[in-house]
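Listed below are the residues making up each chain.
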Amino acid sequence: MEAILLATKLQIPPRTRHVVHRARLVDALERDIPDYRLALLAAPAGYGKTTLLAQWARASRLPVAWLSLTEEENDPERFLRYLLAAWERIYPDIRDSPAWMLLGSMMPDRDAALAEFINIANLMPDHAALVLDDYHLISDDDTHAALTFLLDHLPPTLHVVLAGRGEPTLPLSRYRARDELLELRAEELQFEIDEAEAFLNEQMGLALAEGEVASLREQMEGWIAGLQMASLTLRHHREPVEQHVVTGRHRFIADYLSDDVLVHLTDEVQQFLLQTSLLDRLSASLCDAVTGRDDGQQMLELLERENLFLMPLDDSRQWYRYHRLFADFLRAELGRRQPAEAVPLHRRAAGWYLERDAPEQAFPHAVAGDDLELVTRIFERYSNIKLNSGELRLVAQWLDATPAAWQAARPAIGLSRAGLLAYTGAFEACVQCVNDIEQQLTSRETGETGWQMAMVSSIRCFIACIQNDIEQAEAHAGRALRDLREEGVSFRATIYQALGDTYRRNGRWEEAREHYLRVLTFPEAPSFSIQSAHVFGALADLALRQGRLRDAADYWRRALAAIQEPESWGRVPLPAIGWVLIRMSELLYEWNELPEAWDHLSRGLERSELGGDVRAMIAGRLVAVRLKLAEGDVEAASGYLEQARPLVEQAPFPEWVGRFERLQLELWLAQDHLRAAVIWCDEALAGNLATPPEPETAQLSVARALIVKGDQQAIEQALELLEHLSRAAEVEGKAGVTIEALALDGLARWRRGERADALTCLEHAVRLAEPEGYVRLFADLGLPMVRLLQEARSRNVMPEYVAMLLAACGPATALPDHAQRSLPEPLTAREQEILELLAAGLTNREIAERLFVSPETIKKHTGNIYGKLGVRGRTEAVARSRELHLLA
């Protein structure tokens, strides 16, 4: 429903059947608009402003974006979203722009969105125009301020055209002084004599004499709506024009329309006009619902043929509206003739809109129809989705428009106010509001009290979850879920989601997962598309903690699909969109799908930065470090890590400290800064780090550093640490941690010379890893893991999977064998190991300590290495080895 109504606002109004082509004004607009920042058409109703602009827009050589405004746009975010949607009609690429991303999110930064829109418009090489019709309906100061900002910063090729009944609240005097304002007022818009003659005789078929045309035009002072009204009378009563004098213009329009226009129509047509006058937009189905008849389409076609102030809103003639002046008259006439009819008419209109899931259009009709039940249903069914979507202003407007007596009578309405207070952070006021509602219910128990108290308990559960009080949250949830009606799906879904978030926050993962899955059993809930995006993301996070990469990827994809649904546009926070893309890039990276990972990461980072989400910016930069290290671009990886450093140090996200420290360690190893890695390890073991990392991440990092350190004591410490970590991970079901701990355990045992035990650990790790497709976990462990994987391959351990892991490790896996063949005698495994330690800058004594042999043995091995390489010393050996790709 909303998509259909939106489309009618963005279309240049179609040609009407009775219209005079106003070449004089069309040519003037085409000539002059490119020379002005702002063009303003300001005149009372009935001077043909919209018709003229539509004629010009359809014929113009300029690209023209059109937006027909309504009172609904008295919300700056909604106004800007419609403005952007209008601009998309002439510039489709705007969907890929930061402005679209910003305004496509919940509660966007309006100034940033406007700035991005201006930047996009500035790139257009040719002139273009943006028409804002019926701007007099905008009264919101923030919306005026947004348009003023846009006008003040327009690029020279973009021109804004406003049409309205009066002067808008904009700095017009400033634009006049700068000669940036083109103005057309009633004097310029009124019909000239030739236009009046063409309209009355050619379009209305009156065949008036020249003097009669002139007389009628003079009486109306060229007012087009007046001429149209007079022509309707003359078509039914062909008498001298002088007998049809309209004086006082607007003061007597109602009398004139009543006495000289409406009276000539059949009772059937009059009744249709009066009953449908309460509708801002008309379609056949809506008219049938309101009137209780089945001839809506035929009547609309008749009214258009008869030129009875009916204007089509689309080319297919499915949606129309009455001329606003005519609609105002009809509503007043309905109140005068049939005062009791308005209420049931409004109720029928509200019901029709609500059946089509359009609460914004239903609500004002429900209030005007004095329909407490319908208003209550709207609050019960839609207030949660509006609050979850960030449409706090809309909920506040609904509450302000609802009579106080209704709010006191129906807890669902009062609870919507409590929800609004909770979402705006006014928790004390929220609790007080809930207390008042509960006291009120307790004092006057009825058959509805149980259901109403259940809604109160739902809000209390939500508040307890925010306060991380699990015991209270569970108690309130139990009472609410027991007594909620079947139609209270929105409340049930909110309870399960809030409990899921709280359980996840406290490490109760299975309970969290169970409650998230329950949310997904309510697809009929109005807020489902928004809630499901959050729930899928939460389920993905739980799956990742348990090492289930494929489940996590599926959940992230479903979260992304929910976010990208058309009805979610403008209802999901921009950082949330960036977060989903970044987390998906992590999985793609683990699977070694690096180009796709970059694509998701770049889009995610762009959105998180536009939305100002520090956590997502940290996560994105750390993924970028991994990707650059995988590409071998150590310098770029270092740059991304330095970008993340101040964010990690300043932001309250301790869980990301461990990830940052881990990547710092990886970077040092890639840079051959082994001493820095060892120093960090010693400080971590001594507890001297400024910010202690997350325990599991820290333990894995320390174990890796101890293995790199390599002396007997370090290896023993690493094995002890990994054994403890593996036991805990298996108990908690953290398969990813288990796999990595086993892989590191294998490296430690390989370093200590326990080859058989090392291969056992590796085989256990790869058998756990293969079903989920882990790749980078092994590949990122560098050349030591390559050696271990090569040994596994030689022993036919899971050959296909091990071959894939070796391929992911890059040139280090294939080139050494080829390079070894270029030597007169290949290096042994021990000599290769010593060569790598020489390249890392270790002394012979340090190498001996690490390998648990004597310095004399190391000296003997280095002599053999020098001989095979044909060099005379350590520096030449390292340089020659790099040339032969013997080193990673």
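Every value quoted in this text rests on a predicted model; they were computed, and no experiment measured them.

What counts and how
- Residues numbered from 1 in each chain as written.
- Predicted model: local features only at pLDDT ≥ 70, side-chain atom pairs only at ≥ 80, totals over all residues.
- Heavy atoms only, no water.
- 1 Å grid on protein atoms, 1.4 Å probe; cavity = no way out; pocket = protein on both sides within 12 Å on 5 of 7 lines; lining within 4 Å.
- Points joined across faces, edges and corners; volume = space filled by probe spheres on them.
- Helix = DSSP H or I, 4+ residues; strand = E, 2+ residues; numbered from the N terminus.
- Nonpolar A, V, L, I, M, F, W, Y, C, P; charged D, E, K, R; others polar.
- Expected span 1.5 Å × (residues − 1).
- Buried < 20%, exposed > 50% of the residue type's maximum accessible area, 1.4 Å probe, protein only.
- Contact = heavy atoms within 4.5 Å.
- Pairing = 2+ DSSP bridges.
- Axes fitted to C-alpha atoms, helices over the stretch in contact; angles between N-to-C directions.
- Polar contact = N/O pair within 3.5 Å; in protein donor to acceptor, adjacent residues only side chain to side chain.
- Right-handed = clockwise from strand over helix to strand, strands pointing away.

**Q** Explain empty space enclosed by the protein to me, please; I cannot follow it from the model alone.
**A** Gaps between atoms show up when a probe of the same size as a water molecule is rolled over them. Applying the stated criterion to the full structure yields five cavities of 30 Å³ or more. The calculated volume of the largest cavity comes to roughly 570 Å³. Residue lining of the largest cavity: 33 residues in total, with Gly 48, Thr 51, Gln 228, Met 311 and His 323 positioned closest to the centre. Among the elements of the structure, α3 (49-59), α12 (224-236), α16 (296-305) and β6 (310-312) are those that each provide at least two residues to the lining of the largest cavity. With five residues, α3 is the single largest residue contributor to the lining of the largest cavity. Looking at side-chain class alone, the lining of the largest cavity contains 14 nonpolar, eleven polar and eight charged residues.

**Q** In this structure, what is going on with helix α32 (residues 594-611)? I would like to understand it.
**A** Given 3.6 residues per helical turn, the α-helix brings residues three or four places apart onto the same face. Compared with an ideal rise of 1.5 Å per residue, which puts 18 residues at 26 Å, α32 spans 25 Å between its outermost C-alpha atoms and is within 8% of the ideal. Inspection of α32 places Leu 594, Ala 597, His 600, Leu 601, Gly 604, Leu 605, Arg 607 and Ser 608 among the buried residues, and these make up the whole buried set. Contacts made by the buried residues of α32 are with α5 (98-103), α31 (574-590) and α33 (614-631). Of the residues flanking the end of α32, it is Gly 612, one or two places downstream, whose phi is positive at about 70°.

**Q** Would you mind going over the sheet that holds strand β3 (residues 128-133) with me for this structure?
**A** To summarise the sheet geometry, strands pair through backbone hydrogen bonds and adopt either a parallel or an antiparallel arrangement. On the basis of which strands lie adjacent, the open sheet formed by five strands has the order β2-β3-β4-β1-β5 and parallel pairing. Whereas interior strands pair on both sides, the edge strands pair on one side only; in this sheet they are β2 (64-68) and β5 (181-184). Adjacent strand axes in the sheet meet at a mean angle of 15° when their direction is disregarded. Bridge count for strand β1 (residues 38-42) against β5 is four bridges, and the pairing is parallel. In the sheet register, Ala 39 faces β5, and the bridge partner there is Leu 182.

**Q** Before we go on, may I ask you to explain the environment of Ser 383 in this structure?
**A** With respect to the helices and strands, Ser 383 occurs in helix α20 (residues 372-388). The class of Ser 383 is buried, set by a relative accessible area of 4%. Considering only alpha carbons, one finds Ser 383 and Ile 413, 30 residues apart in sequence, at a separation of 8.9 Å. Engagement of the side chain of Ser 383 in a polar contact is seen with the backbone oxygen of Phe 379, the distance being 2.7 Å.

**Q** Just checking my understanding: could you explain the pairing of β3 for this structure?
**A** Consecutive residues of a regular strand have side chains that alternate between opposite faces of the sheet. In terms of residue burial, β3 counts as a mostly covered element, since six of its six residues are buried. Of the two faces of β3, the one holding Ala 128, Leu 130 and Leu 132 and the one holding Ala 129, Val 131 and Asp 133 are both buried throughout. Pairing of β2 with β3, which is carried by five bridges, proceeds in the parallel orientation. In the sheet register, Ala 65 faces β3, and the bridge partner there is Leu 130. The pairing of β3 with strand β4 (residues 158-164) spans five bridges and is parallel. Across the sheet, residue Leu 132 finds its bridge partner in β4, namely Leu 162. Viewed along the sheet, the connection from β3 through helix α7 (residues 141-152) into β4 turns out right-handed.

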